[in-house]
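Descriptive structure summary
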Amino acid sequence: MNRGIGRLIRCIILLSITIGLTGAASAYDQVDLGRVTAGNYAVQEGYVIFSVYANDIIYHENWSTQTFDLNAFGEHYLLEVKAREEGVWGAWKHFYINLTYPNGTTVSEELKTLQVGFNDYDIKVQYYAEEPDAPLELDVYVYLNPLQAEVTSFGKCVDFPLDQYIVFSHVSFASTEEAHLEVYYCSYEEWNEIVESGGLGFGAILNQTGNAINEAIGWARQNVPYASTLIDAFSMFYTTVSGLLYYFDLVFIQNGLLTFTLFESFVLAYSAGTSRNFYTFLRRYIHAHRSLFEFLLDFISKLIEMFAAVVSALKPL
């Protein structure tokens with residue numbers, strides 16, 4: 001196989017490791033407020049909030065509304081995001097974004113995009129802190145000074161100058177639908193250093209690295225034989241695996257207690273309702289748990305096999 005493809009893949013892997021190490025070294029802090037319809041958070045003196053995310057909001061045919069009261073040390077920026085799905089199978093995603101500035105001026109954006117199969121959306125207010133994303137959702141990036149909004153699918157990020165970010169001392173959130181609310185903050189001195197360095201301490205390195213990867217991929221598609229096929233196959237593999245891991249984490253990790261409780265309730269009811277004696281009940285109860293255990297082992301085994309297959313395919317490179 002062409003050596004150029006091998007060098008490209010090695011470059012992507014190395015850059016991915018660099019991204020992971022850079023993200024792990026980030027100095028900002030995060031507050032995870034969980035899935036809520038209302039929440040608020042205030043930083044102590046000497047700290048600033050720079051990003052607020054409301055993630056995993058489910059689309060509906062009726063309008064859902066998310067409201068952010070962003071308190072910039074006494075001056076309030078009121079942000080409202082309205083969203084719904086429209087058309088056949090909810091393929092059209094429609095958004096209204098309204099921002100009222102401290103002086104009472106209101107500006108608005110209307111966004112509409114055709115995205116078949118997308119189930120939910122994330123709102124990223126002044127996106128900066130990098131975080132893993134999930135497939136089958138849209139990201140709504142909103143910046144405030146001036147208002148700039150864009151709806152993008154998985155993998156794309158909007159660039160916005162750090163020196164135009166508005167930092168806050170307190171944020172309040174209200175929504176007609178549950179959202180996974182996250183607040184990112186750091187000390188005032190750290191934020192000043194980030195702005196002065198162009199963000200090289202946090203997301204700028206990641207964005208620059210991502211741009212370099214995109215440029216390398218674009219060059220490879222045009223100049224390296226079979227590169228497009230390999231890149232598309234890798235993209236499909238990545239999307240599939242990330243989706244499986246996302247829902248595995250959602251069901252068995254984040255909501256493990258609820259999942260286990262529901263499973264136990266179902267197994268107990270089924271075993272008791274279909275057994276004539278205690279020994280039959282016990283046998284069916286144990287068999288159900290063994291089946292669950294075998295399913296989890298098989299799931300993990302299949303993921304390992306998929307990774308092994310990719311590694312084996314890359315050996316000739």
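On a predicted model such as this, the values are computed, not experimentally measured, just so you know. (Residues numbered from 1 in each chain as written. Predicted model: local features only at pLDDT ≥ 70, side-chain atom pairs only at ≥ 80, totals over all residues. Heavy atoms only, no water.)

Further remarks concern the side chain of Ser271. Here Ser271 is to be found in helix H5 (residues 256-273). When residues no more than four places from it in sequence are discounted, the contact partners of Ser271 are Phe281, Arg284 and Tyr285. (Helix = DSSP H or I, 4+ residues; strand = E, 2+ residues; numbered from the N terminus. Contact = heavy atoms within 4.5 Å.)

Turning next to a negative patch on the surface. Residues Asp29, Glu189, Glu190, Glu193 and Glu196 make up a contiguous surface patch of negative charge. In terms of residues, the negative patch owes the most to one element, helix H2 (residues 188-196), which gives 4 residues. With respect to the helices and strands, the residue Glu190 is situated in helix H2. Here Glu190 falls in the partly exposed class, since its relative accessible area comes to 30%. (Patch = residues over 30% accessible without salt bridge, like charges linked within 9 Å, V, L, I, M, F, W, Y side chains within 5 Å. Areas by Shrake-Rupley, 256 points an atom, 1.4 Å probe, with all protein chains shown as cover. Salt bridge = Lys/Arg side-chain N within 4 Å of Asp/Glu carboxyl O. Lys, Arg positive; Asp, Glu negative; His and termini not counted. Charge placed at Lys NZ, Arg CZ, Asp CG, Glu CD. Buried < 20%, exposed > 50% of the residue type's maximum accessible area, 1.4 Å probe, protein only.)

Evaluation of the coordinates by the stated rule reveals 6 salt bridges. Residue Glu178 pairs with Arg35 through a salt bridge whose shortest N-O separation is 3.3 Å. Of this pair, Glu178 sits in strand E10 (residues 170-187) while Arg35 sits in strand E1 (residues 29-42); the two residues are 143 residues apart in sequence, bridging distant segments of the chain. Glu178 sits in the partly exposed class, given a relative accessible area of 41%.

All right, on to the environment of Ile97 then. When you line up the elements, Ile97 lands in strand E5 (residues 92-100). With 31 residues separating them along the chain, Ile97 and Gln66 place their C-alpha atoms 9.7 Å apart. Not counting chain neighbours up to four residues away, the residues in contact with Ile97 comprise Leu79, Glu80, Val81, Val107, Ser108, Glu109, Leu111, Val140, Val142, Leu147 and Ala149.

Moving on to the confidence of the model for the protein. Here the protein averages 80 in pLDDT, and 73% of its residues register 70 or above. Here helix H1 (residues 3-24) stands out as the least confident element of the protein, with mean pLDDT 46; strand E3 (residues 64-72) is the most confident, with 97. Every residue in residues 4-25 is under pLDDT 50, and counting partners more than four places away or in other chains gives 25 contacts. Contacts from residues 200-205, a stretch scored under 50 in pLDDT, to residues over four places away or in other chains number 17 contacts. (pLDDT = per-residue confidence, 0-100.)

Let us look at the side chain of Lys93. Assignment of secondary structure puts Lys93 in strand E5. For the buried Lys93, which has no salt bridge, the nearest side chain bearing the opposite charge is Glu85, at an N-O separation of 4.5 Å. Within the structure, the side chain of Lys93 is placed 2.9 Å from the backbone oxygen of Gln115, a separation counted as a polar contact. Setting aside its immediate chain neighbours within four residues, Lys93 contacts Tyr59, Arg84, Glu85, Leu111, Lys112, Thr113, Gln115, Phe118 and Leu138. (Polar contact = N/O pair within 3.5 Å; in protein donor to acceptor, adjacent residues only side chain to side chain.)

Moving on: the pairing of E5. Where strand E4 (residues 75-86) lies against E5, 9 bridges are found, and the strand directions are antiparallel. Within E5, the position partnered with Glu86 by the bridge is Trp92. Following E4, the chain reverses through 5 residues before pairing antiparallel with E5; Gly87 in that reversal takes a positive phi of roughly 80°. Bridge analysis of E5 against strand E6 (residues 106-114) gives 9 bridges, and the strand direction is antiparallel. What sits directly across from Ile97, in E6, is Glu109. What sits between E5 and E6 in their antiparallel hairpin is a turn of 5 residues, with Gly104 showing a positive phi close to 95°. (Pairing = 2+ DSSP bridges.)

Before going further, it helps to examine unusual backbone geometry. Among all residues except glycine, the phi angle is most often negative; among peptide bonds, the trans geometry is most common. In the segment running from Asn145 into Pro146, the intervening peptide bond is cis, with an omega of 0°. Here the phi dihedral of Phe73 falls at roughly 55°; this positive angle occurs in a residue that is not glycine. In this structure, Phe73 sits in the loop between E3 and E4.

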